[in-house]
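Notes for the structure review
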Amino acid sequence: MGAQYATTYDKVLYPSGAYPQTHPRRTSTVAFLRGMQPERIDRCRVLELGCGAGGNLLPIAYDYPDSEFVGLDLAQRPIAAGRALATQLDLKNIQLESMDISDLSVSSFGTFDYIIAHGLYSWVAAPVRKRILEICRDLLRPQGIAYVSYNAYPGNHLRDLARGMMRYHVSRFETVADKVGQARVLLKFLAESELEQDCYADVLKLQFERSMKYMDEAFFHDDLSDVNQPFYFHEFMQEAGHYRLRFVGEAMPADLDPSKFRPGVLEKLHELAEADEIVREQYKDFLRGCAFRQTLLCHDQMELSSDVRLDRISQVHATCDATFTRNNDTFVFRRPKGSEIETPNPIVGFALEVVCSRWPESVSFSQMLDGVRRSNGSSDADVDSNIAVALSTLYRAGFLGLQWYPY
């Protein structure tokens, strides 16, 4: 390990955890609804780049013993910890290796149905970023899906403002605790320094509040690292296109919430309906001040539908944690974090009641149909399409989850 540590991630261990948005169950659903035929997750091969101690990959390997998993990370201490846990759990279907991904090739571990690169792309040098996209191009199987997350503009312009000042201030301190503590002290001092608040102080206050939500080790690596390069979405996709990769969608719902914008704003955005998808997505980022993207990629020869395919909604399972009430002829659904929808449509209302009443289990489309017909006595031919349109709309808005694979 050189004098003592091979990397800063050996010296300061990054908090290990699971990231549900990277799970093949979720990424395969996005791709399936756009027209792809991803490999079943109970018999697939998954590669994670920058896997750390395997906190994200190990739980998936445990759940799907007939699938194969490979995790790579340059840091040696996290890999050793992950291997020890895999041995303790008696997992035979996962391989964790300390390896420079620049040395990775098809001959190393073969090809994969799913590739995950979470929290890596923005935090490595340009040659390594190019290598990540080369790996996605060369190691993805024909129906394969790659997940790549990265810091995004325009939202990260505000973080850049704080980051530059923090890095200057903490350069004189030696320990991680001192660097992290002093970075937060500086932000707080600057945010509270003026008698009358202005936009500059407001931004620094928001960045201070954000920093307080981080674990120290994560804040050290994410905000105080030597490399932290955000990108506009169109820039990232232009680079991905050089490696013959195309946009499948985002791992998290990316529709704009109409309640957050002035009347007419989204109608103006709809004027871009005929524009290229990359253009439409970029303007959505401008409106919401996007600071982080979780983009899914596939091979550029793949034919994708322009939106969620309604004919495939009947093949997925739905989940929703909302509580529901009826107010006369209106169905009201409220999620724990405050989002709410109302519908006077009994078909949609009864279908969502079935889904919400089964939380946290997933509910198949046929179970929703049965529930509607029992409650509403309806055999209308429009029942299927009513439910499909509603599920598609609520899924894009992030109100409910759809899963190609049940759980």
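Look a little higher up for the structure.
With that out of the way, let us pick up the overall build of the chain. Counting secondary structure elements, the chain contains 17 helices and 14 strands. The C-alpha radius of gyration of the chain comes to 23 Å, within 12% of the 22 Å expected for a compact globule of 407 residues. Counting the 407 residues in the chain, one finds 50% classified as buried. Partitioning the contacts of the chain with sequence separation of at least 6, the portion at a separation of at least 24 is 75%.

Between the first and last C-alpha of helix α6 (residues 126–139) there are 20 Å, a value that for 14 residues agrees with the 20 Å anticipated at 1.5 Å per step. Here α6 has its buried residues at Arg129, Arg131, Ile132, Leu133, Ile135, Cys136 and Leu139.

Judged by pairing direction, the sheet is antiparallel, and its 3 strands sit side by side in the order β13-β9-β14 without closing on themselves. Single-partner strands in this sheet number two, and they are β13 (363–364) and β14 (401–403). Strand direction decides the pairing type here: strand β9 (residues 317–319) and β13, joined by 2 bridges, are antiparallel. Bridge pairing in β13 places His317 opposite Ser364.

Summed over all chains, the structure comprises 13 aromatic pairs. For the ring pair Phe32 and Trp404, a centre distance of 5.0 Å and an interplane angle of 20° mean the geometry is stacked. With Phe32 in helix α2 (residues 24–33) and Trp404 in the segment after β14, this residue pair connects regions lying 372 residues apart in the sequence. Consider the rings of Tyr232 and Phe286, whose centres lie 6.2 Å apart with planes at 85°: the pair is edge-to-face. With Tyr232 in strand β6 (residues 231–232) and Phe286 in helix α13 (residues 277–288), this pair connects stretches of sequence that are 54 residues apart. A residue is classified by how much of its surface remains accessible, and Phe286, at 40% relative accessible area, is partly exposed. Here Arg45 stacks its cationic end above the ring of Phe112, 4.5 Å away from the centre of that ring.

Ranked by internal contacts, the top residues of the largest apolar core, which has 64 residues, are Ile94, Met368, Ile387 and Leu391. It is helix α15 (residues 346–357) that contributes the most residues to this core, 8 residues altogether. Residues within four places of Ile387 in sequence aside, it is in contact with Ile347, Ala351, Phe365, Met368, Leu369 and Val372. Within the second largest apolar cluster, 32 residues are counted, among which are Ile115, Val124, Ala240 and Phe247.

This part is about the packing of α15 against helix α17 (residues 383–396). Two quantities define a packed helix pair, namely the angle between the axes and the distance from one axis to the other. The geometry of α15 relative to α17 is characterised by a closest axis approach of 9 Å and an angle of 65° between their N-to-C directions. In the crossing of α15 with α17, the sense of the turn from one axis to the other is right-handed. Within the contact between the two elements, α15 uses Ile347, Val348, Ala351 and Leu352 and α17 uses Val383, Asn386, Ile387, Ala390, Leu391 and Leu394. Of the residues that constitute the contact of α15 with α17, the class distribution is 9 nonpolar, 1 polar and no charged.

Criteria and thresholds
- Residues numbered from 1 in each chain as written.
- Predicted model: local features only at pLDDT ≥ 70, side-chain atom pairs only at ≥ 80, totals over all residues.
- Heavy atoms only, no water.
- Helix = DSSP H or I, 4+ residues; strand = E, 2+ residues; numbered from the N terminus.
- Rg over C-alpha atoms; globule rule 2.2 N^0.38 Å.
- Buried < 20%, exposed > 50% of the residue type's maximum accessible area, 1.4 Å probe, protein only.
- Contact = heavy atoms within 4.5 Å.
- Expected span 1.5 Å × (residues − 1).
- Pairing = 2+ DSSP bridges.
- Phe/Tyr/Trp six-rings, centres within 6.5 Å; stacked < 30°, edge-to-face > 60°.
- Lys NZ or Arg CZ within 6 Å of the ring centre and 35° of its normal.
- Core = buried A, V, L, I, M, F, W, Y, C linked by side-chain atoms within 4.5 Å.
- Axes fitted to C-alpha atoms, helices over the stretch in contact; angles between N-to-C directions.
- Left-handed = near helix turned anticlockwise from the far one by under 90°.
- Nonpolar A, V, L, I, M, F, W, Y, C, P; charged D, E, K, R; others polar.

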